[in-house]
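# Working through the structure, step by step
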Amino acid sequence: MDSRCTILIGIILCCCVVEAKPMQKAKLLVNASNASGRKIPETFMGVFFEEINHAGAGGLWAELVSNRGFEAGGQNVPSNIYPWSIIGDEPSIYVSTDRTSCFEHNKIALRMVVLCDSSNFCPPDGVGISNPGYWGMNIEQGKKYKVVFYASTTTIIALKVSFVGSDDGVKLASEDILLAIGVNTSTTWRRVESVLEANATNHNAILQITTTNRGVIWLDQVSAMPLDTYKGHGFRKDLFDMVAELKPRFFRFPGGCFVEGQWLRNAFRWKDTIGPWEQRPGHFGDVWGYWTDDGFGYFEALQLAEDLNALPVWVFNDGILAVLIMFFSLFFCISHTDEVNTSAISPFVQEALDGIEFARGTPTSAWGSARAAMGHPEPFDLRYVAVGNEDYIQIISNCDATKKPLNHPADLYDFHHYSPANDMFHKAQEFDNASRTGPKAFVSEYAVHGKEAGTGNLLAAIAEAGFLIGLEKNSDLVKMVSYAPLFVNANDRKWNPDAIVFDSHRVYGTPSYWVLKLFRESSGATFLNSTLQTESPKLAASAISWERSLDNKSFLRIKVVNLASKAVDLKISIEGLDPGVHLYQSTKTVLTSSNVMDENSFSQPNQVVPQQSPLENVGKKMNVKIPPYSVTLFDMLM
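To keep things clear, this report deals only with the structure shown in the data block. (Residues numbered from 1 in each chain as written. Predicted model: local features only at pLDDT ≥ 70, side-chain atom pairs only at ≥ 80, totals over all residues. Heavy atoms only, no water.)

### Comments concerning the overall build of the protein chain
Counting its regular elements, the protein chain contains nine helices and 35 strands. Considering only contacts within the protein chain whose residues lie at least 6 apart along the sequence, 74% involve residues at least 24 apart. Per element, the accessible surface of the protein chain, about 25100 Å² overall, is 50% carbon and sulfur. (Helix = DSSP H or I, 4+ residues; strand = E, 2+ residues; numbered from the N terminus. Contact = heavy atoms within 4.5 Å. Areas by Shrake-Rupley, 256 points an atom, 1.4 Å probe, with all protein chains shown as cover.)

Next up, the structure:
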């Protein structure tokens, strides 16, 4: 998200209940000839991921432990160990932090002095530390979880690692580990790894590390990950599946304001997010106000794009506005508060070039070898970045060219729009008169925003569908489109609304998510000429022909968006079909609800979802009813 680019144009309060009113009349004339149509770009519909709302840390990235390296308080001691807590009172245990870790970039370690033992007032389950994860860890019966941590001690100490229900104290899984690291050996730190299988389910569990042995022990880089992540790549499978269902053609990452930072020292720096997770320093995302261990880093984002079969679009920081012009690029974003003098900009330029080499370089190149060492010797298919004239890499400017031409070279320009519903719907005409010469448009962030959107309701979704109709119409200019934000952890709503809502174990799509799914076949489809005859300013329609990848069958799809409170009697006339082509096996899909302010929720995840039914009396001439406040699709097999 880029809050500086947010456009808020008032608040429109809408009547909440859809009432029966006299039906409007309209006509839609469709020329179904592909020859007279226009190809929509293959890259048309994609997704934009930003580390906001705990989208990655505590979300898509399946790490269960929050602040796993005790670094959230910075590199100085005493450090902030939140949300870790101490098990046991002060006469039994004393916990502090120091700078004795074995990791060069993560020097903070937790020091635990145990003053009791099994014969001297230690509780039966021992004393130690616990971590609740991100608002509770989801531990499910029969599933396995890998726990890894680093430990140091000069005595023999028995530890117990457990998952425990935070509400009832029931042990879900545990294992005893004997440490004798500094005894008769020069080794000072040991990596401890264990796989725990849960014998019960608790969606709000905690991780405990406890002992009943007197002594001193240091701990660092404590991780717990489910073993059933997508392809073992670390992505929470249910959240990955939600994104994959959108069939995105590109994956834009990692921001947004997250890239820039409120201060440059807190900007996302890709070199700090690659390599072994234990060696990543992490950083404080000061725009959205929380720490991330950067487990979901540059490599993981490239891997996710590949897993989604989507083209990665890398957004990176340049440190200064002047470079936007100097190097003609997008995605070189300044921080919100400070910047770098042009005389000191060369390291940022080199960092960008190194990032390209990391993604695209041979496994023997300097940075390509770093990628290969992480298990991906083949280059990633990175085509969209910010700098230079690299082969097959396109430059995207963050300057809006809808009103006047750019004053610098670029392949695409970036367009953001956040507004109330009525404005969003009519923003469909934004590109009608934009210049067709020069760079193409990348609508990288859009959403209905403000009080009337709630936390994601039908009203917002319908208005956004109308906007997308306009982008389809202008897809000779608009090459790429993505909604924002993609994810929100329901426990940390930094921005409303969002496409996908989740907590530790549940997930649902907002109505806006379902609109994205209704438009996913537009990528690579043929936009057909059509004319809508209506007196309603709140009715929009388009027609495409698309091919189903499953069986290569061709369909004619007509989309109709009605933002009005009245139903519409629509007469559809289809011309231009090739001789011998008939329409059959047709379906109607409708997204609507009895209340335009209706939202989905964990208790009612399907309150507002598309409903499909057979389309009766299919032909070149059809009379159909379009419900009030609705998005309707007609799919006809050709």
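Next comes the rest of the write-up.
### Comments concerning the nonpolar core
Core analysis: the largest hydrophobic core is formed by 105 residues, its most contacted members being F251, Y298, F431 and F487. Among the elements that take part in this core, helix α8 (residues 458–473) stands out by supplying eleven residues, more than any other. Not counting residues within four places of it along the chain, the set of residues in contact with F487 comprises F49, I52, N53, A55, L60, L239, V243, D498, I500 and F502. The next biggest cluster of nonpolar side chains, apart from the first, holds 40 residues, and it includes V65, M112, V114 and F149. (Core = buried A, V, L, I, M, F, W, Y, C linked by side-chain atoms within 4.5 Å. Buried < 20%, exposed > 50% of the residue type's maximum accessible area, 1.4 Å probe, protein only.)

### Quick word on the state of the cysteines
Throughout the structure, instances matching the rule amount to one disulfide. Note that C116 is cross-linked by a disulfide to C122, the S-S spacing being 1.9 Å. Disulfide C116 to C122: torsion about the S-S bond roughly 60°, handedness right-handed. Residues C116 and C122 agree in their burial class; the two are buried. (Disulfide = S-S within 2.5 Å.)

### Remarks on unusual backbone geometry
Cis geometry marks the peptide bond from A484 to P485; its omega dihedral reads -10°. Its place among the elements puts P485 in the loop between β23 (478–481) and β24 (487–489). Even without a glycine there, the phi angle at K247 is positive, about 50°. Here K247 lies in the loop between α1 (237–244) and β15 (250–253). By relative accessible area, K247 is classed as partly exposed at 42%. With phi around 45°, Q585 is a residue other than glycine that occupies positive phi space. Relative to the helices and strands, Q585 resides in strand β32 (residues 584–591).

### Let's talk about the sheet that holds strand β28 (residues 530–533)
Taken together, four strands build an open sheet; the order of strands is β28-β1-β31-β34 and the sheet is mixed. At either margin of the open sheet sits one strand with a lone partner, and together these are β28 and β34 (621–626). Direction aside, neighbouring strands of the sheet carry axes that sit 20° apart on average. Summarising the sheet, strand β1 (residues 24–31) and strand β31 (residues 568–575) pair through eight bridges and their orientation is parallel. Paired with Q24 across the strands is V568, a residue of β31. (Pairing = 2+ DSSP bridges. Axes fitted to C-alpha atoms, helices over the stretch in contact; angles between N-to-C directions.)

### Focus: the packing of aromatic side chains
Applying the stated criterion across every chain, the model contains 30 aromatic pairs. With 5.5 Å between their ring centres and 50° between their planes, W270 and F358 make a pair best called tilted. Of this pair, W270 sits in the loop between α2 (257–260) and β16 (283–285) while F358 is found in helix α5 (residues 346–360), placing the two residues 88 residues apart along the sequence. The lysine or arginine in question, R252, covers the ring of F48, its NZ or CZ lying 4.2 Å from the ring centre. In this arrangement the basic side chain of K559 is found over the ring face of F519, its NZ or CZ atom lying 4.8 Å from the centre. (Phe/Tyr/Trp six-rings, centres within 6.5 Å; stacked < 30°, edge-to-face > 60°. Lys NZ or Arg CZ within 6 Å of the ring centre and 35° of its normal.)

### Looking at the packing of α5 against helix α6 (residues 366–373)
Orientation of α5 relative to α6, taken along the N-to-C sense of each, is 50°, at an axis distance of 7 Å. Taken as axis vectors, α5 and α6 run oblique relative to one another. In the packing of α5 onto α6, the handedness of the crossing is right-handed. Residues D354, E357, F358, A359 and R360 of α5 lie in contact with α6, whose contacting residues are A366, W367, G368, A370 and R371. Broken down by class, the residue content of the contact of α5 with α6 amounts to five nonpolar, one polar and four charged. (Parallel < 35°, antiparallel > 145°, perpendicular 65-115°, else oblique. Left-handed = near helix turned anticlockwise from the far one by under 90°. Nonpolar A, V, L, I, M, F, W, Y, C, P; charged D, E, K, R; others polar.)

### Observations regarding the environment of A540
When you line up the elements, A540 lands in strand β29 (residues 539–547). The class for A540 is buried, based on a relative accessible area of 13%. Linking A540 and V560, residues 20 residues apart in sequence, is a C-alpha distance of 5.8 Å. When sequence neighbours within four positions are dropped, the list of residues in contact with A540 reads F425, I469, L532, K559, V560 and V561.

### Structural notes on the pattern of salt bridges
The final tally for this structure, using the stated rule, is 30 salt bridges. Across the pair R520 and E245 runs a salt bridge, and its minimum N-O distance is 3.7 Å. Taken together, the residues R520 in the loop between α9 (511–518) and β27 (526–528) and E245 in the loop between α1 and β15 connect sequence positions 275 residues apart. By relative accessible area, E245 is classed as partly exposed at 37%. Taking the shortest distance from any N to any O, the salt bridge between E472 and K559 comes out at 2.7 Å. One end of the pair, E472, is in helix α8; the other, K559, is in strand β30 (residues 554–562), and 87 residues separate them in sequence. Take K559: its relative accessible area is 0%, and that puts it in the buried class. (Salt bridge = Lys/Arg side-chain N within 4 Å of Asp/Glu carboxyl O.)

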